[in-house]
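Commentary on secondary and tertiary structure
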Amino acid sequence: MQTNKLNVSDTSRNKLGQEVVGMKTWAETVNGMTWGWTGVRGTWGGAEAEDSMRTMSAVGVNWVAIALGALQETAQSTKINYAEAPTVTDDEVRWAIRQAKSLGLKVCMKPVVNCANGTWRAHIAFFQQDVPGEPSWTEWFASYTEFIVHYARIAEEEGCEMLCVGCEMVQADSREHEWRALIQEVRKVYSGLVTYNCDKYQEDRLTWWDAVDIISSSGYYPIGEWEAHLDRIEAVLNRWEKPFFFMEGGCPSREGSAQKPNDWSLPGAPSEVEQANYYRVMFEACSKREWMRGYMLWDWPARLYDAADASRNDDYCMYGKQAEAIVRDYYESRLLAGKEALKTQ
């Protein structure tokens, strides 16, 4: 069994009588990166993937979200085909976790559902009440729970410090009863920390944050709006008394993306400067908040592009770009500050 809950004197108990982490308990510095998305079968393992993770670990990273996608056909389908291609195999998942551990990284296991027809998972939805002959939330959550519990077992067996039970499921967020039941099933097989990655702008809309140990969200906020959104998130944390970090965050290296960092398809020419400026502003704003535990930045692929092509790459990965140095310097300064703080205790 795992022992990931820190300073247990500040824990409390949820409605199930289980210990959960309080806001002041989890004093972790999360210098994280999301690795391997979307988890295409055959890409996790071998020299390229090994080099990718090793290169990532040199950017001051101490946490990694091992992120994989599994497909359902449409937003109204009720079966998640996680055992089939293109999803990575369980052996590949175990390889990635072990590789991260060998580099001294803490691991968050992050299984995510996607729609094969390209619909964003936030739009997965069904009738509010089950109707005979129609796809239902009951059917979908049965499949989704099987999916998440499968990876929860792997996370437990491989010693992952954290499990993310969902990502940006905006239409599903209101299904409080089903999420609580899912998390209860997860805790039967997994003893580490549990989080849910809500979408941007949704932090104050969830009604079941008490069921998880840590609140996390996708921090894709426009470059000039950080203070307002951090104020809003702070109010959420004060209400729920939970720790917080951004499970996702970042910006494409593309003109215009700093205003719409969540829009991966936004037209624009490649721009390292746009991405670098976004990270400077984000880190400056977030570093003023004592409650900010950190980030799992988006993202770092299992197979990196050639460094010589970095200036022409307009995606989120900062490898070989100006933003890489900004992230490294910031992450390393946070680790140093943490070490200095320990000396004074």
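Check the entry above for the structure.
Just so you know, these numbers come straight off a predicted model, no measurement behind them.

Counting its secondary structure elements, the protein contains 7 helices and 10 strands. By the compact-globule yardstick of 20 Å for 345 residues, the protein fits well, its C-alpha radius of gyration being 19 Å. Overall size of the protein, expressed as C-alpha extent along the three principal axes, is 55 × 50 × 40 Å. Looking at the protein as a whole, 58% of its 345 residues qualify as buried. For the protein, the share of sequence-separated contacts (at least 6 apart) that also reach a separation of at least 24 residues comes to 74%. Looking at the protein as shown, the accessible area adds up to about 14300 Å², and 49% of this sits on carbon and sulfur atoms. In the protein, the 36 positive side-chain charges and the 50 negative ones have mean positions that sit 4 Å from each other.

A separate point is the packing of aromatic side chains. Summed over the entire model, instances satisfying the criterion amount to 38 aromatic pairs. Ring geometry for Tyr82 and Tyr151: centres 6.1 Å apart, planes at 70°, overall edge-to-face. With Tyr82 in the loop between strand S4 (63-72) and helix H2 (90-102) and Tyr151 in helix H3 (residues 137-158), the pair connects residues that are 69 residues apart, well separated along the chain. Accessibility classification places Tyr82 together with Tyr151 in one group, the buried group. With 5.0 Å between their ring centres and 80° between their planes, Phe126 and Trp137 make a pair best called edge-to-face. Taken together, the residues Phe126 in the loop between strand S5 (106-115) and H3 and Trp137 in helix H3 connect sequence positions 11 residues apart. Here a set of aromatic residues connected by ring pairs shows up, and it is made of Tyr82, Phe126, Trp137, Trp140, Phe141, Tyr144, Phe147, Tyr151, Trp179, Tyr196, Trp208 and Trp209.

With 6 of 6 residues buried, strand S3 (residues 30-35) lies mostly within the body of the structure. Burial along S3 is two-sided: the residues Val30, Gly32 and Thr34 and Asn31, Met33 and Trp35 are all buried. Where S3 and strand S10 (residues 292-300) come together, 5 bridges link them in parallel fashion. Each residue of the ladder has a partner; that of Asn31, found in S10, is Tyr295. Looking at chain direction, S3 and S4 are connected through 4 bridges and run parallel.

The strand order around the closed barrel built from 8 strands is S3-S4-S5-S6-S7-S8-S9-S10, with neighbouring strands paired in parallel fashion. Each adjacent strand pair in this sheet contributes to an overall mean axis angle of 25°, direction not counted. Against the sheet, helix H5 (residues 226-240) contacts strand S8 (214-218), strand S9 (244-248) and S10, and its axis sits at roughly 125° relative to S9. Contacts from helix H7 (residues 322-343) reach S3 and S10, with the element oriented near 150° to S10.

Mapped onto the fold, Thr29 is located in the loop between strand S2 (19-20) and S3. A relative accessible area of 19% places Thr29 in the buried class. The contact partners of Thr29, leaving out residues within four places of it in the chain, are Asn62, Trp63, Arg293 and Arg334.

So, about the side chain of Ser52. As for its placement among the helices and strands, Ser52 is situated in helix H1 (residues 46-57). Setting aside residues no more than four positions away along its own chain, Ser52 makes contact with Trp35, Trp300, Pro301, Ala302 and Leu304.

Time to look at the pattern of salt bridges. On inspection of all chains with the given rule, the structure shows 25 salt bridges. Measuring nitrogen to oxygen at the nearest pair gives 2.7 Å for the salt bridge that ties Arg121 to Glu168. You can see Arg121 sitting in the loop between S5 and H3 and its partner Glu168 sitting in the loop between strand S6 (162-167) and helix H4 (176-189), a full 47 residues away along the chain. Across this residue pair, the class does not change: Arg121 and Glu168 are buried. Connected via shared salt-bridge partners are Glu227, Asp231, Glu234, Lys288 and Arg289.

Further remarks concern H2. At 3.6 residues per turn, the α-helix brings residues three or four places apart onto the same side. Spanning 13 residues, H2 covers 18 Å between terminal C-alpha atoms, matching the ideal 18 Å at 1.5 Å per step. All of the buried residues along H2 are Glu92, Val93, Arg94, Ala96, Ile97, Gln99 and Ala100. Looking at the buried residues of H2, the elements they touch are S3, H1, S4, S5 and H3. In the stretch just after H2, Gly104 is the one whose phi turns positive, near 80°.

Calculation notes
- Residues numbered from 1 in each chain as written.
- Predicted model: local features only at pLDDT ≥ 70, side-chain atom pairs only at ≥ 80, totals over all residues.
- Heavy atoms only, no water.
- Helix = DSSP H or I, 4+ residues; strand = E, 2+ residues; numbered from the N terminus.
- Rg over C-alpha atoms; globule rule 2.2 N^0.38 Å.
- Buried < 20%, exposed > 50% of the residue type's maximum accessible area, 1.4 Å probe, protein only.
- Contact = heavy atoms within 4.5 Å.
- Areas by Shrake-Rupley, 256 points an atom, 1.4 Å probe, with all protein chains shown as cover.
- Lys, Arg positive; Asp, Glu negative; His and termini not counted.
- Charge placed at Lys NZ, Arg CZ, Asp CG, Glu CD.
- Phe/Tyr/Trp six-rings, centres within 6.5 Å; stacked < 30°, edge-to-face > 60°.
- Pairing = 2+ DSSP bridges.
- Axes fitted to C-alpha atoms, helices over the stretch in contact; angles between N-to-C directions.
- Salt bridge = Lys/Arg side-chain N within 4 Å of Asp/Glu carboxyl O.
- Expected span 1.5 Å × (residues − 1).

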